[in-house]
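Breakdown of the fold
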Amino acid sequence: MATAAMVVQVCGGAVPCVFSSKMHFSTSWSGSHLRSFIRHKTRRAATCFKVAYSSRSCYTSNIYHLQRVTQHNVASNSLKRVQCNCQRADSVSGLTSEDGNGAWYVENNAKEYRSTSGNALLEFETMKGSSLEREAFSSNSKTPQNGTTRDTLQKDIAGSIEDEAWELLKESIVYYCGSPIGTIAAQDPTTSNVLNYDQVFIRDFIPSGIAFLLKGEYDIVRNFILHTLQLQSWEKTMDCHSPGQGLMPASFKVRTVPLDGDDTAIEEILDPDFGEAAIGRVAPVDSGLWWIILLRAYGKCSGDLSVQERIDVQTGIKMILRLCLADGFDMFPTLLVTDGSCMIDRRMGIHGHPLEIQALFYSALLCAREMLAPEDGSADLSRALNNRLVALSFHIREYYWIDMRKLNEIYRYKTEEYSFDAVNKFNIYPDQISPWLAEWMPNKGGYLIGNLQPAHMDFRFFSLGNLWSVVSSLATVDQSHAILDLIEAKWSDLVADMPFKICYPALEGKEWQIITGCDPKNTPWSYHNGGAWPTLLWQLTVACIKMNRPEIAERAVKIAEKRISKDKWPEYYDTKRARFIGKQARLYQTWSIAGYLVAKLLLNNPSAAKILINEEDSELINAFSCAISSSPRRKRGPKSSQKTYIV
């Protein structure tokens with residue numbers, strides 16, 4: 001057996017923390033590998049510390065100091081974990097799991113474990129598949145009918161891939177003061193240049209959180225929601241300028257720092273990044289929108305509505321809404337953002353009103369309206385929210401939609417129209433229609449363009465924006481089916497050897513040089529510039545289930561299963577057909593793993609997708625119909641005191 005010695009220091013004080021004399025671990029987190037446990041009580045150390053949050057209450061936390069002293073004979077290459085029972089004060093109730101159980105992974109030999117266990121799993125699958133095949137054919141000299149052996153092998157391999165994915169997802173869990181709080185972006189053992197891949201990203205955790213919810217593991221999602229909420233109020237400044245209140249961080253990291261006044265004790269703190277340290281220094285607009293979507297999913301899946309009803313959570317929702325609904329100079333209902341403020345977080349020419357942000361914005365507005373507690377003080381906010389929903393849905397459906405008929409209409413546009421009744425409202429020049437689009441657009445199908453600004457339409461197909469427009473009902477039913485029709489018609493371009501292209505087509509030549517600034521990471525058909533991202537599997541699956549066409553997602557998942565495990569779960573794939581692992585892709589990328597798991601879970605239980613789907617209600621449909629039938633020109637004059645739906 002492996003022998004180990006550890007020193008565990010527990011910081012006590014007003015909020016005591018006691019290590020249980022009988023160490024144990026949760027069966028839901030346990031894997032199939034051997035684990036060693038330490039069963040030592042140690043001295044009480046320094047007093048507790050407080051983390052102060054701007055404009056919020058101070059929360060008292062317990063500090064745990066875990067120091068590895070020696071480690072010998074690690075033949076099993078397994079991860080070790082220690083767990084304790086902690087008694088928490090009422091002041092931190094709701095920030096951690098109710099039973100107070102916490103755990104740490106001891107990361108010794110973690111990299112070796114990941115690399116060796118992956119190879120061992122592949123060898124096991126090969127031997128197991130060969131054994132099953134021999135057994136099937138030895139029992140009958142004739143070839144099995146209806147592909148029964150092949151089906152059995154495929155199911156067996158898929159099951160092994162799922163088991164591996166769950167083990168990797170559990171390894172990626174990050175703990176704060178003993179409680180699971182999120183998952184790190186990647187655990188690539190082949191590179192020493194970590195950058196910020198060892199942090200918990202808001203957007204990256206969404207598929208992980210959904211996977212845990214679908215498995216009944218609610219605590220980690222609850223902790224993530226509440227702890228990131230506290231970070232919302234942190235002071236965030238760059239070059240003496242602070243963004244608006246309500247901004248959620250792009251990511252955060254659990255750091256261990258010495259406790260003031262005591263050299264023998266340490267404390268854990270959460271260190272958020274609001275874009276001050278990010279490449280390009282861009283604030284994450286999508287973080288707050290994803291947070292609201294995950295909050296609703298948690299309530300629907302767990303049945304625990306107490307979290308969204310908390311005063312601090314209600315305040316957090318309102319802060320995000322006020323930040324997004326603030327008045328500005330823009331004449332459009334769409335959200336105006338800079339380049340790189342969402343999943344595509346590098347310069348890719350999406351500044352302005354990118355579809356991805358609008359789809360998430362619309363979905364977050366619907367989720368927030370569903371969760372907001374009725375109060376007299378929030379009547380104006382609710383009214384503004386409803387007005388924006390109607391205006392945004394009308395704008396996207398009317399002006400972002402493109403199919404062969406609309407393309408022909410744009411081709412015949414007249415320009416320089418100065419009129420309230422102009423057909424070409426945004427003065428789009430027909431010459432903007434690229435030759436690739438005229439050839440690529442199928443007769444059956446269509447999609448929502450990537451961006452719309454005065455005299456500019458970005459005709460690129462952006463996958464996440466289109467898929468989430470289906471999920472959120474931002475697209476109409478007919479448009480949603482047409483988007484899936486286009487995906488089927490252009491399967492070789494959007495899926496090919498690995499799902500799913502983040503955008504199509506790639507920027508090349510002079511266009512790539514001008515728009516990306518010659519970005520060496522976003523070269524044609526790589527990374528955000530036409531790369532294939534396996535994590536998009538889960539959004540595709542939700543969209544297909546909503547439209548009752550799950551066979552499309554099933555087909556994509558089967559393609560992914562052919563190589564994603566063998567390729568060690570890369571972040572993205574390169575080349576036009578996704579033949580190569582991305583040249584700078586991280587291996588064991590957590591949201592690639594979680595995206596696959598969510599897709600499998602939802603295909604096995606399609607009804608569970610309702611926690612993510614937004615159904616359009618009758619009020620919006622009626623208001624939208626009124627907007628279409630009304631005159632495009634608003635009456636000019638003083639603003640009426642009576643608020644109505646405005647388009």
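The chain carries the name Alkaline/neutral invertase in an unreviewed UniProt entry, which gives Sesamum angustifolium as its organism. UniProt's Catalytic activity (unreviewed entry) comment on the chain is quoted here verbatim: "Hydrolysis of terminal non-reducing beta-D-fructofuranoside residues in beta-D-fructofuranosides." Under the UniProt heading Sequence similarities (unreviewed entry), the note attached to the chain is "Belongs to the glycosyl hydrolase 100 family."

1. Quick word on empty space enclosed by the protein
For the coordinates displayed, the defined rule picks out 6 cavities of 30 Å³ or more. If you add up the space inside the second largest cavity, you get close to 80 Å³. In terms of lining residues, the second largest cavity is bounded by 13 residues, among which Arg203, Trp290, Met343, Gln539 and Trp591 are the most central. Tallying contributions element by element places helix H3 (residues 202–214) first for the lining of the second largest cavity, with 3 residues. The residue inventory of the lining of the second largest cavity, partitioned by class, reads 8 nonpolar, 2 polar and 3 charged.

2. Quick notes on the pattern of salt bridges
A side chain of one charge can pair with a side chain of the opposite charge when the charged atoms of the two come close. Tallied over the entire structure, the rule returns 21 salt bridges. Across the pair Asp519 and Arg346 runs a salt bridge, and its minimum N-O distance is 2.9 Å. Residue Asp519 is located in the loop between helix H15 (509–516) and helix H16 (537–546), and its partner Arg346 is located in the loop between helix H7 (311–325) and helix H8 (355–371); the two are separated by 173 residues in the primary sequence. One network of salt bridges, with partners in common, ties together Glu162, Glu561 and Lys600.

3. Regarding the sheet that holds strand E11 (residues 200–201)
Here 3 strands make up an open sheet; going across it, the order is E11-E12-E13 and the pairing antiparallel. Only two strands of the sheet have a single partner each, and these edge strands are E11 and strand E13 (262–273). By the bridge criterion, 9 bridges tie strand E12 (residues 251–259) to E13 in an arrangement that is antiparallel. Bridge assignment links Arg255 to a residue of E13, and that residue is Ile269.

4. A few points about the pairing of strand E10 (residues 179–183)
Consecutive side chains of a regular strand alternate in pointing toward one face of the sheet and then the other. Across the 5 residues that make up E10, a large majority, 5, are buried. For strand E9 (residues 173–176) and E10, the ladder comprises 4 bridges, and the chain directions are antiparallel. Paired with Tyr176 across the bridge in E10 is Ser179. Where E9 folds back onto E10 in an antiparallel hairpin, the turn is made up of 2 residues, including Cys177, whose phi is positive at roughly 50°.

5. Examining the packing of H16 against helix H18 (residues 590–604)
Closest axis-to-axis distance for the H16/H18 pair is 7 Å, and the angle between their directions is 20°. By the angle between their axes, H16 is roughly parallel relative to H18. Relative to H18, the crossing made by H16 is left-handed. Mapping the contact onto sequence places Leu537, Trp538, Thr541, Val542 and Ile545 in H16 and Gly595, Val598, Ala599, Leu602 and Leu603 in H18.

6. Overview of the environment of Arg346
A C-alpha to C-alpha distance of 8.1 Å links Arg346 and Thr516, two positions 170 residues apart in sequence. With residues near it in sequence (within four places) discarded, Arg346 still touches Ile279, Asp339, Gly340, Asp519, Lys521, Asn522, Tyr527 and His528. For Arg346, the side chain forms a polar contact with the side chain of Asp519, separated by 2.9 Å.

7. Some details on H8
End to end, H8 covers 24 Å across 17 residues, agreeing with the expected 24 Å (1.5 Å per residue, within 8%). The element H8 is largely enclosed, with a buried count of 15 among its 17 residues.

Here is what the cut-offs are and how they apply
- Residues numbered from 1 in each chain as written.
- Predicted model: local features only at pLDDT ≥ 70, side-chain atom pairs only at ≥ 80, totals over all residues.
- Heavy atoms only, no water.
- UniProt positions renumbered as here; feature names shortened; annotations may be inferred.
- 1 Å grid on protein atoms, 1.4 Å probe; cavity = no way out; pocket = protein on both sides within 12 Å on 5 of 7 lines; lining within 4 Å.
- Points joined across faces, edges and corners; volume = space filled by probe spheres on them.
- Helix = DSSP H or I, 4+ residues; strand = E, 2+ residues; numbered from the N terminus.
- Nonpolar A, V, L, I, M, F, W, Y, C, P; charged D, E, K, R; others polar.
- Salt bridge = Lys/Arg side-chain N within 4 Å of Asp/Glu carboxyl O.
- Pairing = 2+ DSSP bridges.
- Buried < 20%, exposed > 50% of the residue type's maximum accessible area, 1.4 Å probe, protein only.
- Axes fitted to C-alpha atoms, helices over the stretch in contact; angles between N-to-C directions.
- Parallel < 35°, antiparallel > 145°, perpendicular 65-115°, else oblique.
- Left-handed = near helix turned anticlockwise from the far one by under 90°.
- Contact = heavy atoms within 4.5 Å.
- Polar contact = N/O pair within 3.5 Å; in protein donor to acceptor, adjacent residues only side chain to side chain.
- Expected span 1.5 Å × (residues − 1).

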